[in-house]
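# Observations on the three-dimensional arrangement
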Amino acid sequence: MKWSLAAAFAAALLIGTSAAAQTPIVIKFSHVVAVNTPKGKAAEKFKELAEQRTNGRVKVEVYPNSSLFKDGEEMDALQLGSVQMLAPSLAKFGPLGVRDFEVFDLPYIFSSYDDLHKVTEGPVGAQLFKKLEPKGIVGLAYWDNGFKDMSANKPIRVPDDYKGLKMRIQSSKVLNDQMKALGAIPQVMAFSEVYQGLQTGVVDGTENPPSNFYTQKMNEVQKYLALTNHGYLGYAVIANKKFWDGLPADIRATLEGAMRDATKYGNDIAKQENDNALAAVKKAGTTEILTPTPEQTAAMRKALLPVHKENESRIGADTINAVYKAIGFKP
Ligand code: LMR
């Protein structure tokens, strides 16, 4: 009798402790790119640091490659709380009703990562995050990818070459206007569908930094890649605000530290990842790389710069001017 009481007591204790140990806070983190990319690797780093530094009180489940939610679904899922964290590209906030982020899509606005960081790591970046709060979303960090190149199955060197091409874009009005300015036909398509879209000819071409181009095997279905560097692609890491604010304060502080360090890690490798991906595309030998001459770049700039003015009222003149000022851009 005595023994069984003691055993029952010990068992209860054990169950108590293991139940606490077994119910970590789970963060589902969904994204659309491959693991082997700047974003994919930064997400894995965040998971590693978050789990280590909270001693397992937090478990981060990373779902890459649109395996949980794809474009067009993930923002709703975040707002509904079906997923706690995302890192959508800055070009995907328009459908949410926050159009200011499309400032990052303006052609030729950033000429280097240094320029970009003046915005993402400065007051303008912080002000943009504030605009997400009424949507029930909190902005945690900006993650870099890189500068976009154009691809197609015919040589694309000057604006005329784009006439009539169906070009896949992300859900950004600025990108829509960018393709139109070249005489192309923009088509919004989820990232998870791009390879097939290119393969079947639903679209003729697209734009992305080399890392996405290579890791989605677009080189198998695109004969030309023009190193246009005409625009930037990067991310906002965001969380469901109710979830984030509801975390125990010590956990939230630890996660913020993990996010800071994962951000530094990801942003430090972004350029190298893209350089490596471009080298891999060259090595694969399936896609001809076109390096624009200064005259070709000038022709592209001339065609694309009017997109800034065209989108002034959509993005907001204040936001555009704040970015121009931060980087010393003269339109
Ligand atoms: C795209 O849809 O082309 C990109 O936003 C994918 C990504 O997340 O890098």
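Use the structure listed above.
My aim in this report is to walk through the structure given alongside it, one point at a time. (Residues numbered from 1 in each chain as written. Predicted model: local features only at pLDDT ≥ 70, side-chain atom pairs only at ≥ 80, totals over all residues. Heavy atoms only, no water.)

### Brief notes about the sheet that holds strand β8 (residues 206–208)
For clarity, the threshold we go by: Any two strands between which DSSP finds at least two bridges are classified as paired. Helix and strand definitions follow DSSP, with helices as H or I runs of at least four residues and strands as E runs of at least two, each counted in order from the N terminus. Lines are fitted to the C-alpha atoms to define the axes, a helix being fitted only along its stretch in contact, and any angle between axes, read from their N-to-C directions, falls within 0 to 180 degrees.
The strand order across the open sheet built from four strands is β8-β5-β9-β11, with neighbouring strands paired in mixed fashion. Every other strand in the sheet has two partners, leaving β8 and β11 (288–290) as the edge strands with one partner each. For this sheet the average axis-to-axis angle between neighbouring strands, irrespective of direction, equals 25 degrees. In this structure, strand β5 (residues 149–152) lies alongside β8, joined through three bridges in antiparallel fashion. Within the sheet, the bridge partner assigned to Asp149 lies in β8 and is Asn208.

### Some words on the site of the ligand
We apply this condition: Here a residue is near a molecule or strand as soon as one of its heavy atoms is found within 4 Å of it. All residues other than Ala, Val, Leu, Ile, Met, Phe, Trp, Tyr, Cys, Pro, Asp, Glu, Lys and Arg, Gly among them, are scored as polar; the first ten of these are nonpolar and the last four charged.
Near the ligand, the surroundings consist of 13 residues, among which Lys39, Lys92, Arg168, Gln170 and Tyr235 are the closest. Along the lines of polarity and charge, the residues of the shell around the ligand split into five nonpolar, four polar and four charged.

### Examining the packing of aromatic side chains
The criterion, for reference: Put simply, two rings from Phe, Tyr or Trp (the six-membered ring, in Trp's case) pair if the centres are within 6.5 Å, and we call them stacked under 30 degrees between planes, edge-to-face over 60, tilted for the rest. Look at NZ for Lys and CZ for Arg. If either is within 6 Å of the ring centre and within 35 degrees of the ring normal, a charge sits over the ring.
Summed over the entire model, instances satisfying the criterion amount to nine aromatic pairs. For the pair Phe104 and Tyr142, a centre-to-centre distance of 6.1 Å together with 45 degrees between the ring planes defines the contact as tilted. Taken as a pair, Phe104 in the loop between β3 (85–86) and α4 (113–120) and Tyr142 in strand β4 (residues 137–147) lie far apart in primary sequence, 38 residues in all. The aromatic ring of Tyr265 is capped on one face by Lys45, whose charged end is 4.8 Å from the ring centroid.

### Notes on the pairing of strand β10 (residues 232–240)
As a reminder of what qualifies: The buried label applies to any residue whose accessible area, calculated with a 1.4 Å probe on protein chains only, is under 20% of its type's maximum; exposed applies above 50%, and partly exposed to all values in between.
The element β10 is extensively covered by neighbouring structure, given that nine of its nine residues are classed as buried. Sheet analysis places β3 next to β10, joined by two bridges and oriented antiparallel. Pairing of Met85 across the sheet is with Ala239, part of β10.

### Quick look at the sheet that holds β3
Heads up, the rule is: The contact criterion used is simple: two residues touch if any of their non-hydrogen atoms lie within 4.5 Å.
The five strands lie next to each other as β2-β1-β3-β10-β4, forming an open sheet whose pairing is mixed. Looking at the sheet topology across the chains shown, the edges are occupied by β2 (58–63) and β4. One ladder, built from two bridges, connects strand β1 (residues 25–30) with β3; its direction is parallel. From the neighbouring strand, Ser30 faces β3, where its bridge partner is Leu86. Running at roughly 165 degrees to β2, helix α2 (residues 38–53) makes contact with β1, β2, β3, β4 and β10 of the sheet. Here helix α5 (residues 123–130) sits on the sheet in contact with β4 and β10, set at roughly 130 degrees to β4.

### Digging into the environment of Arg314
Rules: The definition of a polar contact used here is a pair of N or O atoms within 3.5 Å, where within protein one atom must be able to donate a hydrogen and the other to accept one, and adjacent residues in sequence count solely through side-chain atom pairs.
Mapped onto the secondary structure, Arg314 falls in helix α13 (residues 312–315). With relative accessibility at 22%, the residue Arg314 sits in the partly exposed group. Between the C-alpha atom of Arg314 and that of Ile251, which follows or precedes it by 63 residues, the distance is 38 Å. Looking at Arg314, its side chain comes within polar contact range of the side chain of Glu102, at 2.8 Å.

### Here's the deal with the pattern of salt bridges
Using the following cut-off: For this analysis, a salt bridge means a side-chain nitrogen from Lys or Arg found within 4 Å of a carboxyl oxygen belonging to Asp or Glu.
Counted under the stated rule, the structure contains 18 salt bridges. The shortest N-O distance in the salt bridge between Asp100 and Lys131 comes to 3.1 Å. In this pair, Asp100 is assigned in the loop between β3 and α4 and Lys131 in the loop between α5 and β4, connecting sequence segments 31 residues apart.

### Focus: unusual backbone geometry
Not every positive phi belongs to a glycine, and Asn55 is a case in point at roughly 50 degrees. Summarising the element assignment, Asn55 is placed in the loop between α2 and β2. Even without being glycine, Asn229 reaches a positive phi, approximately 45 degrees. Mapped onto the elements of the fold, Asn229 is located in the loop between β9 (224–226) and β10.

### Thoughts on the environment of Lys242
When you line up the elements, Lys242 lands in helix α9 (residues 241–245). Each C-alpha atom of the pair Lys242 and Gly266 lies 26 Å from the other, and the pair is 24 residues apart in sequence.

### Description of the side chain of Ser30
Its place among the elements puts Ser30 in strand β1. Apart from residues lying up to four places away in sequence, Ser30 is in contact with Tyr63, Leu68, Phe69, Glu74, Val83, Met85, Leu86 and Ala87.

### Focus on the pairing of strand β7 (residues 185–188)
What counts, and what does not: Crossovers are marked right-handed if the path from the first strand over the helix to the second runs clockwise, as seen with the strands pointing away from the viewer.
Bridge count between strand β6 (residues 166–169) and β7: four bridges; the pairing is parallel. Following the sheet pairing, Met167 is matched in β7 by Pro186. Of the crossover connections in this fold, the one passing from β6 over helix α6 (residues 173–181) to the parallel β7 is right-handed.

### Thoughts on the nonpolar core
One broad trend across soluble globular proteins is that nonpolar side chains are buried collectively. The test is simple: As used in this record, nonpolar core signifies buried Ala, Val, Leu, Ile, Met, Phe, Trp, Tyr and Cys residues forming a set joined through side-chain atoms within 4.5 Å.
Counting residues in each nonpolar core, the largest one holds 40 residues, and the members touching the most others are Phe29, Phe46, Val60, Met85, Trp143, Val237 and Leu255. Those elements that place two or more of their residues in this core are β1, α2, β2, β4, α7 (194–200), β10 and α10 (249–284). Ignoring any residue separated from it by four or fewer positions in sequence, one finds Val60 in contact with Ile27, Phe29, Phe46, Lys47, Ala50 and Glu51. Of all hydrophobic cores here, the second largest spans 38 residues; its members include Ile109, Val124, Phe129 and Ile238.

### A short note on helix α14 (residues 317–327)
Short version of the rule: To obtain the arc, one takes the directions from the helix axis to the C-beta atoms.
The set of residues buried in α14 consists of Thr319, Ile320, Val323, Tyr324 and Ile327. Projected down its long axis, α14 shows its buried positions confined to an angular sector of 135 degrees, all on one face. In α14, the exposed residues that point more than 90 degrees away from the buried face are Asp318 and Lys325. Buried residues along α14 sit against α4, α5, α12 (306–310) and α13. Just beyond α14, the residue with positive phi is Gly328, at close to 65 degrees.

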